[in-house]
Amino acid sequence: MNKNQQFVITINRELGSGGHTVGSILAKRLNVKYYDKPLTEGVTEKFGLSLDEIERLKAQEKESWWDELKGKPTTAAMFETERKILQGLAEKESCVIAGRNAFLIFRDWKNHLNIFIQASLAKRIERLQKKGMTMAAAMDTIEEVDASRETYIKKYSDKSRYDTRLYDLVITMDDLTEEDAADLIMEFIERTSK
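Sorry, what's going on with helix α1 (residues 19–30) here?
Spacing of three or four residues puts side chains on the same side of an α-helix, whose turn is 3.6 residues. Helix length check: α1 (12 residues) gives 16 Å between terminal C-alpha atoms against 16 Å at 1.5 Å per residue, within 8%. For α1, the complete set of buried residues consists of Gly19, Val22, Gly23, Ile25, Leu26, Ala27 and Leu30. Check the buried side of α1 and you find it contacts β1 (8–13), β2 (33–35), β3 (95–98), β4 (112–118) and α9 (178–192). Looking at the residues trailing α1, positive phi occurs at asparagine 31, about 60 degrees.

Quick question: what am I supposed to make of the pairing of β3 here?
Moving residue by residue along a regular strand, the side chains alternate between the two faces of the sheet. Side chains Cys95 and Ile97 project from β3 onto one buried face, and the interleaved Val96 and Ala98 project onto a second face that is buried too. Pairing between β1 and β3: 4 bridges, direction parallel. Across the sheet, residue threonine 10 finds its bridge partner in β3, namely isoleucine 97. Note that β2 and β3 share 3 bridges and pair parallel. Bridge pairing in β3 links tyrosine 34 to valine 96.

So what exactly am I meant to see when it comes to the layout of surface pockets here?
The volume enclosed by the second largest pocket comes to roughly 170 Å³. Surrounding the second largest pocket, Gly16, Ser17, Gly18, Ala119, Lys123, Glu126, Arg127, Lys130, Met173, Asp174, Leu176 and Glu178 form its lining. With 4 residues, the single largest contributor to the lining of the second largest pocket is helix α7 (residues 121–130). Looking at the lining of the second largest pocket residue by residue, the class counts come to 3 nonpolar, 3 polar and 6 charged.

When you look at the pairing of β4 in this model, what are you seeing that I'm missing?
Across the 7 residues that make up β4, a large majority, 6, are buried. Strand direction decides the pairing type here: β1 and β4, joined by 6 bridges, are parallel. Bridge pairing in β4 links isoleucine 9 to leucine 113.

What am I meant to see in the pattern of salt bridges here?
A pair can form between side chains of opposite charge whenever their charged atoms are brought close. The full count for this structure, using the stated rule, is 14 salt bridges. The salt bridge partner of glutamate 80 is arginine 83, with a shortest N-O separation of 2.3 Å. Of this pair, glutamate 80 and arginine 83 are both found in helix α5 (residues 75–92), 3 residues apart, which corresponds to roughly one turn of the helix. You can call glutamate 80 partly exposed: its relative accessible area is 29%. On the basis of relative accessibility, which here comes to 25%, the residue arginine 83 falls in the partly exposed class. One continuous salt-bridge network, built from bridges that share partners, spans Glu14, Arg124 and Asp146.

Cut-offs applied
Residues numbered from 1 in each chain as written. Predicted model: local features only at pLDDT ≥ 70, side-chain atom pairs only at ≥ 80, totals over all residues. Heavy atoms only, no water. Helix = DSSP H or I, 4+ residues; strand = E, 2+ residues; numbered from the N terminus. Expected span 1.5 Å × (residues − 1). Buried < 20%, exposed > 50% of the residue type's maximum accessible area, 1.4 Å probe, protein only. Contact = heavy atoms within 4.5 Å. Pairing = 2+ DSSP bridges. 1 Å grid on protein atoms, 1.4 Å probe; cavity = no way out; pocket = protein on both sides within 12 Å on 5 of 7 lines; lining within 4 Å. Points joined across faces, edges and corners; volume = space filled by probe spheres on them. Nonpolar A, V, L, I, M, F, W, Y, C, P; charged D, E, K, R; others polar. Salt bridge = Lys/Arg side-chain N within 4 Å of Asp/Glu carboxyl O.

Here it is in C-alpha coordinates:
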(Lines give C-alpha, C1' and ligand atoms only; values in the text may rest on other atoms or scores of the structure.)
Protein backbone atom coordinates (compact mmCIF):
# COMPACT_ATOMS: atom_id res chain seq x y z
CA MET A 1 0.00 0.00 0.00
CA ASN A 2 1.23 3.46 -0.85
CA LYS A 3 0.27 5.89 1.92
CA ASN A 4 1.08 8.85 -0.36
CA GLN A 5 -1.85 8.00 -2.63
CA GLN A 6 -5.51 7.55 -1.80
CA PHE A 7 -5.85 4.30 0.15
CA VAL A 8 -8.21 2.15 2.16
CA ILE A 9 -7.17 0.09 5.19
CA THR A 10 -9.55 -2.60 6.40
CA ILE A 11 -9.47 -3.96 9.94
CA ASN A 12 -11.20 -7.26 10.42
CA ARG A 13 -11.16 -8.28 14.05
CA GLU A 14 -12.35 -10.74 16.61
CA LEU A 15 -14.71 -9.47 19.27
CA GLY A 16 -12.69 -8.64 22.36
CA SER A 17 -9.36 -8.37 20.54
CA GLY A 18 -9.06 -4.59 20.71
CA GLY A 19 -9.25 -4.23 16.94
CA HIS A 20 -11.83 -1.44 17.06
CA THR A 21 -9.51 0.70 19.19
CA VAL A 22 -6.50 -0.15 17.03
CA GLY A 23 -8.39 1.02 13.94
CA SER A 24 -9.35 4.29 15.62
CA ILE A 25 -5.75 4.96 16.72
CA LEU A 26 -4.45 4.12 13.25
CA ALA A 27 -6.89 6.49 11.53
CA LYS A 28 -5.85 9.33 13.86
CA ARG A 29 -2.17 8.70 13.17
CA LEU A 30 -2.77 8.68 9.42
CA ASN A 31 -5.09 11.70 9.69
CA VAL A 32 -7.93 9.94 7.85
CA LYS A 33 -11.52 9.06 8.72
CA TYR A 34 -12.40 5.90 10.62
CA TYR A 35 -15.62 4.13 9.67
CA ASP A 36 -17.46 1.56 11.75
CA LYS A 37 -20.70 2.46 13.53
CA PRO A 38 -21.78 5.34 11.25
CA LEU A 39 -21.83 2.90 8.35
CA THR A 40 -24.09 0.56 10.29
CA GLU A 41 -26.37 3.49 11.08
CA GLY A 42 -26.70 4.16 7.34
CA VAL A 43 -27.81 0.57 6.77
CA THR A 44 -30.28 0.69 9.70
CA GLU A 45 -31.82 3.86 8.29
CA LYS A 46 -32.20 2.39 4.79
CA PHE A 47 -33.95 -0.76 6.01
CA GLY A 48 -35.72 0.64 9.08
CA LEU A 49 -34.23 -2.03 11.33
CA SER A 50 -32.37 -1.85 14.62
CA LEU A 51 -28.72 -2.89 14.83
CA ASP A 52 -29.77 -6.06 16.69
CA GLU A 53 -32.29 -6.94 13.96
CA ILE A 54 -29.64 -6.48 11.27
CA GLU A 55 -27.15 -8.66 13.14
CA ARG A 56 -29.80 -11.38 13.59
CA LEU A 57 -30.58 -11.30 9.87
CA LYS A 58 -26.89 -11.54 8.99
CA ALA A 59 -26.48 -14.55 11.29
CA GLN A 60 -29.25 -16.55 9.59
CA GLU A 61 -27.87 -19.36 7.53
CA LYS A 62 -30.86 -19.33 5.17
CA GLU A 63 -33.26 -16.61 4.15
CA SER A 64 -36.93 -17.28 4.69
CA TRP A 65 -38.91 -17.22 1.47
CA TRP A 66 -41.85 -16.03 3.55
CA ASP A 67 -39.91 -12.98 4.79
CA GLU A 68 -38.83 -12.19 1.25
CA LEU A 69 -42.42 -12.49 0.05
CA LYS A 70 -43.53 -10.07 2.79
CA GLY A 71 -40.91 -7.59 1.57
CA LYS A 72 -38.51 -7.90 4.49
CA PRO A 73 -34.93 -6.98 3.59
CA THR A 74 -32.58 -9.79 2.72
CA THR A 75 -28.98 -10.10 3.79
CA ALA A 76 -28.07 -9.89 0.11
CA ALA A 77 -29.67 -6.45 -0.06
CA MET A 78 -27.85 -5.40 3.11
CA PHE A 79 -24.52 -6.70 1.81
CA GLU A 80 -25.01 -4.82 -1.45
CA THR A 81 -25.92 -1.63 0.44
CA GLU A 82 -22.84 -1.96 2.66
CA ARG A 83 -20.66 -2.59 -0.39
CA LYS A 84 -21.94 0.51 -2.17
CA ILE A 85 -21.56 2.70 0.91
CA LEU A 86 -18.02 1.46 1.58
CA GLN A 87 -16.85 1.82 -2.00
CA GLY A 88 -18.39 5.29 -2.17
CA LEU A 89 -16.44 6.32 0.93
CA ALA A 90 -13.17 4.88 -0.37
CA GLU A 91 -13.60 6.57 -3.76
CA LYS A 92 -13.86 9.98 -2.05
CA GLU A 93 -10.97 9.80 0.41
CA SER A 94 -8.43 7.64 2.19
CA CYS A 95 -9.92 5.87 5.20
CA VAL A 96 -9.73 3.06 7.73
CA ILE A 97 -12.76 0.75 7.83
CA ALA A 98 -13.47 -1.71 10.65
CA GLY A 99 -15.46 -4.85 9.95
CA ARG A 100 -18.43 -4.69 7.57
CA ASN A 101 -16.80 -7.35 5.35
CA ALA A 102 -14.52 -4.64 4.00
CA PHE A 103 -11.65 -7.12 3.68
CA LEU A 104 -13.71 -8.95 1.04
CA ILE A 105 -15.08 -5.85 -0.64
CA PHE A 106 -11.63 -4.26 -1.06
CA ARG A 107 -9.48 -7.33 -1.73
CA ASP A 108 -8.99 -6.25 -5.37
CA TRP A 109 -8.91 -2.51 -4.66
CA LYS A 110 -5.99 -0.65 -6.21
CA ASN A 111 -4.32 0.70 -3.05
CA HIS A 112 -5.39 -1.16 0.08
CA LEU A 113 -4.15 -2.94 3.17
CA ASN A 114 -6.18 -5.75 4.80
CA ILE A 115 -5.44 -6.38 8.49
CA PHE A 116 -6.78 -9.04 10.85
CA ILE A 117 -6.61 -8.46 14.61
CA GLN A 118 -7.00 -11.53 16.79
CA ALA A 119 -6.41 -12.64 20.38
CA SER A 120 -6.57 -15.82 22.41
CA LEU A 121 -9.95 -16.73 23.85
CA ALA A 122 -8.66 -16.04 27.36
CA LYS A 123 -7.61 -12.50 26.43
CA ARG A 124 -10.86 -11.83 24.59
CA ILE A 125 -12.88 -12.96 27.62
CA GLU A 126 -10.69 -10.88 29.93
CA ARG A 127 -11.25 -7.79 27.79
CA LEU A 128 -15.04 -8.24 27.77
CA GLN A 129 -15.03 -8.82 31.52
CA LYS A 130 -13.30 -5.45 31.95
CA LYS A 131 -16.33 -3.97 30.19
CA GLY A 132 -18.64 -5.50 32.79
CA MET A 133 -19.56 -8.91 31.35
CA THR A 134 -19.48 -12.08 33.39
CA MET A 135 -17.18 -14.84 32.16
CA ALA A 136 -20.16 -16.92 31.02
CA ALA A 137 -21.75 -13.98 29.18
CA ALA A 138 -18.43 -13.12 27.53
CA MET A 139 -17.93 -16.71 26.34
CA ASP A 140 -21.49 -16.91 24.99
CA THR A 141 -21.21 -13.54 23.24
CA ILE A 142 -17.88 -14.40 21.64
CA GLU A 143 -19.20 -17.74 20.39
CA GLU A 144 -22.36 -16.15 18.99
CA VAL A 145 -20.59 -13.23 17.29
CA ASP A 146 -17.83 -15.43 15.81
CA ALA A 147 -20.42 -17.81 14.37
CA SER A 148 -22.64 -15.06 12.96
CA ARG A 149 -19.74 -13.20 11.32
CA GLU A 150 -18.44 -16.38 9.73
CA THR A 151 -21.93 -17.33 8.50
CA TYR A 152 -22.43 -13.92 6.94
CA ILE A 153 -19.10 -14.01 5.11
CA LYS A 154 -19.71 -17.52 3.78
CA LYS A 155 -23.00 -16.36 2.26
CA TYR A 156 -21.11 -14.10 -0.15
CA SER A 157 -17.86 -15.92 -0.72
CA ASP A 158 -16.19 -19.29 -0.45
CA LYS A 159 -13.80 -17.74 2.08
CA SER A 160 -13.39 -17.91 5.83
CA ARG A 161 -12.59 -14.77 7.82
CA TYR A 162 -9.91 -16.86 9.53
CA ASP A 163 -8.03 -17.58 6.30
CA THR A 164 -4.86 -15.57 6.86
CA ARG A 165 -4.11 -15.53 3.12
CA LEU A 166 -6.84 -12.90 2.78
CA TYR A 167 -4.83 -10.40 4.82
CA ASP A 168 -1.64 -8.46 4.33
CA LEU A 169 -0.97 -8.37 8.06
CA VAL A 170 -2.24 -10.50 10.98
CA ILE A 171 -1.66 -9.30 14.54
CA THR A 172 -2.21 -11.32 17.72
CA MET A 173 -2.93 -8.95 20.60
CA ASP A 174 -2.14 -11.18 23.58
CA ASP A 175 1.09 -9.38 24.52
CA LEU A 176 0.37 -6.03 22.86
CA THR A 177 -1.49 -2.86 23.74
CA GLU A 178 -3.61 -1.15 21.12
CA GLU A 179 -0.85 1.49 20.77
CA ASP A 180 1.71 -1.28 20.20
CA ALA A 181 -0.44 -2.75 17.43
CA ALA A 182 -0.84 0.66 15.79
CA ASP A 183 2.96 1.06 15.95
CA LEU A 184 3.40 -2.29 14.17
CA ILE A 185 0.92 -1.33 11.46
CA MET A 186 2.58 2.05 10.92
CA GLU A 187 5.97 0.34 10.64
CA PHE A 188 4.52 -2.17 8.16
CA ILE A 189 3.06 0.68 6.09
CA GLU A 190 6.40 2.53 6.09
CA ARG A 191 8.30 -0.58 5.02
CA THR A 192 5.88 -1.52 2.27
CA SER A 193 4.97 1.95 0.92
CA LYS A 194 6.00 2.21 -2.67
